[in-house]
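Structural overview
What follows is each chain in one-letter form.
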Amino acid sequence: MFNLFRSSKTRAMSRATIERLYGAIVAQSRRADFYTDFGVPDTLEGRFEMVVLHTVLACRRLKGGDALERAMSQDIFDAFAADMDAAMREIGIGDLTVPKKMKKIGEAFFGRAAAYDAALAEADDAALAQAVSRNILSAGEAEPSPEAVALAAYVRVAAATLDATPFEVLARGVLELPDPAVRENET
């Protein structure tokens, strides 16, 4: 499922390139704006959700491309899975429990990927606001909060930014994502 044991000869890009891309995903996910302005809980779960969101967006950009782009998407997912595995071991989760937790993480990732993909396919942000409200903000309101609406707008802009990024830029290990502090209606 995770292709963790693939030979380095089958990797799409160098390990350094994937580490730079995944590092940019994690750095963006840790931006304080998400936790102070968008209502994302500053907890282990909230931070996990932001890493999942940004990993999904990067993989979404690549999965529809050619074989090299799809392989890069897999490599980014593999980096995510390795990071989650290492993080669990670091916080003291036992070796026998890690595989069960990794299965749940994989299910969560793919479930959120499907939800975000479907919501991004919609013309407006209502479904996207519901998805981020449910998954990231842990809210199930009938009407998404203003924070959920703002976060959905950020996700839409981030997806569009990545969609417009040429593969050659990503192949150099450069992942440009929008500044969450700059709202679309402010520009």
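- As recorded in an unreviewed UniProt entry, the chain goes by the name Ubiquinol-cytochrome C chaperone, listed as coming from Xanthobacter autotrophicus.

1. Remarks on the overall build of the chain
- Counting its secondary structure elements, the chain contains eight helices and zero strands.
- Overall size of the chain, expressed as C-alpha extent along the three principal axes, is 45 × 40 × 25 Å.
- Across the 187 residues that make up the chain, the buried fraction comes to 45%.
- Surface exposure of the chain reaches about 9600 Å², of which carbon and sulfur atoms provide 55%.
- Side chains of the chain carry 22 positive and 28 negative charges; the gap between the two charge centres is 8 Å.

2. Observations concerning the packing of aromatic side chains
- If you walk through the whole model with that rule in mind, you get nine aromatic pairs.
- Geometrically, the ring pair formed by Phe48 and Phe80 is tilted, given 6.4 Å between the ring centres and 35° between the ring planes. Of this pair, Phe48 sits in helix α3 (residues 44–63) while Phe80 sits in helix α4 (residues 67–90); the two residues are 32 residues apart in sequence, bridging distant segments of the chain. Note on accessibility: Phe48 and Phe80 belong to one class, buried.
- One aromatic cluster is present, formed by Phe48, Phe77, Phe80, Phe109 and Phe110 through successive ring pairs.
- Above the plane of the ring of Tyr35 lies Arg47, whose end atom (NZ or CZ) is 4.7 Å from the centre.

3. Observations regarding the pattern of salt bridges
- Per the counting criterion, the structure on display carries eleven salt bridges.
- One salt bridge in this structure joins Arg31 and Asp33, with 3.4 Å as the shortest N-O distance.
- Of the charged contacts in the structure, one is a salt bridge between Asp125 and Arg156, with a shortest N-O distance of 2.7 Å. A residue pair is termed long-range when its members are at least 10 positions apart, and Asp125 in the loop between α5 (98–121) and α6 (126–135) and Arg156 in helix α7 (residues 146–163) qualify at 31 residues.
- It is possible to trace a salt-bridge network through shared partners that takes in Arg60, Lys63, Asp117 and Asp163.

4. Describing α4
- The end-to-end C-alpha distance of α4, which contains 24 residues, comes to 34 Å, matching closely the 34 Å that a straight helix rising 1.5 Å per residue would cover.
- Among the residues of α4, Glu69, Ala71, Met72, Ser73, Asp75, Ile76, Phe77, Asp78, Phe80, Ala81, Met84 and Met88 are the ones counted as buried.
- Packing partners of the buried residues in α4 comprise α1 (15–29), α3, α5 and α8 (167–171).
- Looking one or two places after α4, you find Gly92, whose phi comes out positive at around 100°.

Rules of the game
Residues numbered from 1 in each chain as written. Predicted model: local features only at pLDDT ≥ 70, side-chain atom pairs only at ≥ 80, totals over all residues. Heavy atoms only, no water. Helix = DSSP H or I, 4+ residues; strand = E, 2+ residues; numbered from the N terminus. Buried < 20%, exposed > 50% of the residue type's maximum accessible area, 1.4 Å probe, protein only. Areas by Shrake-Rupley, 256 points an atom, 1.4 Å probe, with all protein chains shown as cover. Lys, Arg positive; Asp, Glu negative; His and termini not counted. Charge placed at Lys NZ, Arg CZ, Asp CG, Glu CD. Phe/Tyr/Trp six-rings, centres within 6.5 Å; stacked < 30°, edge-to-face > 60°. Lys NZ or Arg CZ within 6 Å of the ring centre and 35° of its normal. Salt bridge = Lys/Arg side-chain N within 4 Å of Asp/Glu carboxyl O. Expected span 1.5 Å × (residues − 1). Contact = heavy atoms within 4.5 Å.

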